[in-house]
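Working through the structure, step by step
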Amino acid sequence: HYVSLGTPQYGTIAGNLAAMFGCAGLPACAEMTTNSAFLTALNAGDDTPGATKYTAIYTEMDELVQPYFNARLEDGAVNIKLQAKCPLRIVGHLGLIADGTVYGLAKKAILDQGTTANCFAL
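Attention here is on the structure that accompanies the text. (Residues numbered from 1 in each chain as written. Predicted model: local features only at pLDDT ≥ 70, side-chain atom pairs only at ≥ 80, totals over all residues. Heavy atoms only, no water.)

**Some points on the overall build of the protein chain**
Scanning the protein chain for helices and strands turns up 5 helices and 3 strands. Scaling as 2.2 N^0.38, a compact globule of 122 residues should have a C-alpha radius of gyration of about 14 Å, and the protein chain matches this with 15 Å. Scored against the burial criterion, the 122 residues of the protein chain give a buried share of 36%. A separation threshold of at least 6 residues defines the contact pool for the protein chain, and within that pool the share at least 24 residues apart is 58%. (Helix = DSSP H or I, 4+ residues; strand = E, 2+ residues; numbered from the N terminus. Rg over C-alpha atoms; globule rule 2.2 N^0.38 Å. Buried < 20%, exposed > 50% of the residue type's maximum accessible area, 1.4 Å probe, protein only. Contact = heavy atoms within 4.5 Å.)

Listed below in structure tokens is the structure:
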């Protein structure tokens, strides 16, 4: 099972802005721009190849992946917007890795246990 947390599947405007200033020489920065050659090649064809199950967990409060819905996957993936499950959950990009609700969603995805969320997890 593949689970992503706020991954800029289709790039981010933050990457575009950083690229205007040279990305400090970091190739990954340029690769995360919207419509970069890297992401165009990566996203050519099916977003969910093979028998792997795909889940993308993301937050509408993401300050780095903008627009936030660029963290979604197409072609049969399970996409979970945190605020659709827990409207009062305030979690930004970096908070995704430390949030209890996100942890529970990721664990359930890996174990094929559905997409219900514990909105009060720490």
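**Some points on the side chain of Asp47**
Relative to the elements of secondary structure, Asp47 occurs in the loop between α3 (37-42) and β2 (54-58). Only 2.8 Å separates the side chain of Asp47 from the backbone nitrogen of Glu74, close enough to count as a polar contact. (Polar contact = N/O pair within 3.5 Å; in protein donor to acceptor, adjacent residues only side chain to side chain.)

**Remarks on the side chain of Ser4**
Inspection of the secondary structure puts Ser4 in strand β1 (residues 2-5). With relative accessibility at 2%, the residue Ser4 sits in the buried group. A polar contact of 3.1 Å, which involves the side chain of Ser4, links it to the side chain of Gln9. Every residue in contact with Ser4, bar those within four places of it in the chain, is listed here: Gln9, Thr55, Ala56 and Ile57.

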